[in-house]
Amino acid sequence: MKKLKFPSAQTILLIIAGLVTLLTWVIPAGKYETLGYNSADNTFTKTGITETENLPATQQTLENLNIKIPLEKFTNGDIYKPINIPNTYHQLKAKPQGFFDFVKSPIKGVIEAADIIFLVLIIGGLIGIINSTGAFDAGIGWLANALKGREFILIIFVTILVAAGGTTFGFAEETIAFFPILIPVFLAARYDAIVGIACIFLGSTIGTMCSTINPFSVIIASDAAGISWTTGIWGRFIMLLACLTISLIYIIRYGIRVQNDPTKSIVYDQQQQIAALFKHDKKKVNFNSRLRLALFVFALCFVIMIYGVVFLEWWFIEMTTTFLVGSIIIGVIAKINESDFIDTFIRGASDLLGVALIIGIARGVTVIMADGLISDTLLYYASSATEGMNKGVFASAMTAIYAGLSFFIPSSSGMAVLTMPIMSPLADSVGIGREIVVNAYQYGMGLFYMINPTGLILASLAVVKIGFDKWLKFIMPLFITLVVFTLIVMTISCYL
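Remember, predicted model here, so these are calculated numbers, not experimental data.

Let's hear about the sheet that holds strand β3 (residues 43-47): which residues, and what values?
Within a beta sheet, neighbouring strands are joined by backbone hydrogen bonds and run either parallel or antiparallel to one another. Strand order in the open sheet made by the 4 strands is β4-β3-β2-β5, with antiparallel pairing throughout. Strands at the two margins of the open sheet, each flanked by one partner only, are β4 (52-56) and β5 (83-84). As judged from the 5 bridges shared by strand β2 (residues 34-38) and β3, these two strands associate in the antiparallel manner. Each residue of the ladder has a partner; that of G36, found in β3, is T45.

Explain a nonpolar patch on the surface residue by residue, including any values.
On the surface, L293, F296, L300, V303 and I304 cluster together into a nonpolar patch covering about 430 Å² of accessible area. One can find L293 in helix α13 (residues 289-311).

Would you mind going over the pairing of β4 in detail, with residue names and values included?
Sheet analysis places β3 next to β4, joined by 5 bridges and oriented antiparallel. From the neighbouring strand, K46 faces β4, where its bridge partner is E53. Where β3 hands over to β4, the hairpin turn is made up of 4 residues, counted between the paired strands.

Just give me the short version of the packing of helix α9 (residues 193-209) against helix α11 (residues 233-260), but keep the residues and values in it.
It is the contact of α9 with α11, at a shortest axis distance of 10 Å, that shows an interaxial angle of 170°. Here α9 lies roughly antiparallel to α11, going by the angle between them. Two secondary-structure elements touch here, α9 through I194, V195, A198, C199, L202, I206, G207 and M209 and α11 through M239, L240, C243, L244, S247, I251, Y254 and G255. Broken down by class, the residue content of the contact of α9 with α11 amounts to 13 nonpolar, 3 polar and no charged.

Run through the packing of helix α1 (residues 9-23) against helix α16 (residues 353-371), naming residues and quoting values.
Where α1 contacts α16, the two axes come as close as 9 Å, and the packing angle between them is 5°. Our classification of the angle between α1 and α16 gives roughly parallel. Residues A9, Q10, L13, L14, I16, A17, V20 and T21 of α1 form the contact with α16, whose own contacting residues are G354, I358, I361, A362, V365, I368 and M369. Class assignment for the residues of the contact of α1 with α16 results in 12 nonpolar, 3 polar and no charged.

How would you sum up helix α5 (residues 114-133)? Please name residues and give values.
For α5, which comprises 20 residues, the first-to-last C-alpha distance of 29 Å matches the rise-based estimate of 28 Å (1.5 Å per residue) to within 8%. Counted residue by residue, α5 has 15 buried out of 20 residues, so it is predominantly covered.

Pulling in residues and values, what's your account of empty space enclosed by the protein?
Here the structure, examined in full by the defined rule, presents 3 cavities of 30 Å³ or more. The computed volume of the largest cavity comes to approximately 50 Å³. Forming the boundary of the largest cavity are N66, I67, K68, I69, P86, A224, A225, P421, S424, P425 and R434. Elements represented by at least two residues in the lining of the largest cavity include exactly α10 (215-225) and α19 (412-430). Broken down by element, the lining of the largest cavity gets its largest block of residues, 3 residues, from α19. Along the lines of polarity and charge, the residues of the lining of the largest cavity split into 7 nonpolar, 2 polar and 2 charged.

Give a detailed account of the side chain of T386, specifying residues and quantitative values.
Along the polypeptide, T386 turns up in the loop between α17 (375-384) and α18 (391-408). For T386, a relative accessible area of 3% translates into the label buried. At 3.1 Å, the side chain of T386 forms a polar contact with the backbone oxygen of S383. Leave out the neighbours within four places in its chain, and T386 touches F394, M398, I401 and L426.

Quick one: what's the story with unusual backbone geometry, residue by residue and with numbers?
In this structure, N66 takes a positive phi of about 65° despite not being glycine. With respect to the helices and strands, the residue N66 is situated in the loop between α2 (59-64) and α3 (72-75). We note that N87 has phi near 60°; this positive angle belongs to a residue other than glycine. Within the secondary structure, N87 sits in the loop between β5 and β6 (90-91).

Outline the packing of aromatic side chains, listing residues and values.
For any pair of aromatic rings, the description consists of the separation of the ring centres together with the inter-plane angle of the planes. Evaluated as defined, the whole model comprises 17 aromatic pairs. With a centroid separation of 5.9 Å and an interplanar angle of 70°, the aromatic rings of Y37 and F44 are classed as edge-to-face. Owing to a relative accessible area of 0%, F44 belongs among the buried residues under this scheme. With a centroid separation of 5.7 Å and 75° between ring planes, the pair formed by Y402 and Y441 is classed as edge-to-face. Residue Y402 is located in helix α18, and its partner Y441 is located in helix α20 (residues 435-449); the two are separated by 39 residues in the primary sequence. Considered together, Y402 and Y441 belong to a single accessibility category, that of buried residues. Feature note: the residues F201, Y250, Y254, Y449, W471 and F474 constitute an aromatic cluster, connected by ring pairs.

Analysis parameters
Residues numbered from 1 in each chain as written. Predicted model: local features only at pLDDT ≥ 70, side-chain atom pairs only at ≥ 80, totals over all residues. Heavy atoms only, no water. Pairing = 2+ DSSP bridges. Helix = DSSP H or I, 4+ residues; strand = E, 2+ residues; numbered from the N terminus. Patch = residues over 30% accessible without salt bridge, like charges linked within 9 Å, V, L, I, M, F, W, Y side chains within 5 Å. Areas by Shrake-Rupley, 256 points an atom, 1.4 Å probe, with all protein chains shown as cover. Salt bridge = Lys/Arg side-chain N within 4 Å of Asp/Glu carboxyl O. Axes fitted to C-alpha atoms, helices over the stretch in contact; angles between N-to-C directions. Parallel < 35°, antiparallel > 145°, perpendicular 65-115°, else oblique. Contact = heavy atoms within 4.5 Å. Nonpolar A, V, L, I, M, F, W, Y, C, P; charged D, E, K, R; others polar. Expected span 1.5 Å × (residues − 1). Buried < 20%, exposed > 50% of the residue type's maximum accessible area, 1.4 Å probe, protein only. 1 Å grid on protein atoms, 1.4 Å probe; cavity = no way out; pocket = protein on both sides within 12 Å on 5 of 7 lines; lining within 4 Å. Points joined across faces, edges and corners; volume = space filled by probe spheres on them. Polar contact = N/O pair within 3.5 Å; in protein donor to acceptor, adjacent residues only side chain to side chain. Phe/Tyr/Trp six-rings, centres within 6.5 Å; stacked < 30°, edge-to-face > 60°.

Remember that the coordinates give geometry; whether it matters functionally is a separate question.
Put into structure tokens, the structure is as follows:
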């Protein structure tokens, strides 16, 4: 009997989309009323089930709606999305999604995720251009020789650097740009592709999970909970160091095992396939001034991207433009003629087309949830499940609830504004600080993100053509360790 093959990332997501479609026939439809701030005329817009009304933007309005958030959080732009209003959940007429809704969801998802999809494609084009110059091959060869015998430094450096980006400005989707660049470096250092994925993806995950000053998670969540984002920051910083240490030990141990015996690699059966995918020319390249300048421009694109996101409030359009302009400049420096430039750029973009489609299909799952009106219902029942719990159990339960909700709402900022006005007041009823709920939100989402198929893991694996089953085989021991560690920390923190 022929051995069954684990389904591809695209198939997994379509199966999930089908199951979520079926859930819209089982889970009751419902919705919370929402409140949004209008900076143009300094008013609130309250969107109810059947009507919309404008209200004065005052603290009294917020108190009347039982929203325990300072007015300035809205007026200064900290909360820029409509939030759910507590105690306003209404069950609505069922809106089950049918077969045609299911088949349309990937298309809708691609349209909604067009910003990140174009970023991925343009990055693919940039990589195609820089590879065609030979500069990248020379750089990989030099780095492999420089790190010989000290390859573990690469693991530590990349993981900590990416985690720093995650904890400060939510470095997540942007990591897609680094997989095609850094995986060959890890391969040249005699690691396997799993090590490279782990350093980049887990570094980002741990960083965002233990966010300290990340405006897209801890700051917006704290604002929506009505507390200062500095409340609990030292605890989150210690958690960041602890989780990073655990993860680094795990990755380094696996990496050394692979270096000593390549057959111990989880992806050993794909060794030749992956090597061919990231092959680089080992012949000596004349690393002249043109190639040095081209490589400098290539690296500068990423520096500019990070600077723009952190300091200039850039997002996908600006990031994508940076890489497009960088591609053109490198083409001019390397004297690539116009027709070759276009062909090379398109081939590079096509290499990441599968990744782009995975991102779109994953977004389609969220589309089905929203169209079926079951997201708020899940939130309502999740918040009701914690009634009567003691504070230690409450903290662990809230972490688990947020992990479950993140399957349906993978956006950290979206999760914050939708859930915090509902969940954070529950902390008051069990006698703990609201920062515990903020931590539960971060840790729950971060832990599940490691294996969440509606997040970025499938897109990340697709860059290297590695199956989800092999990632699960690698990550599960670390995942279980971090879950147990986090639940212990959450429980203890309630009694300190």
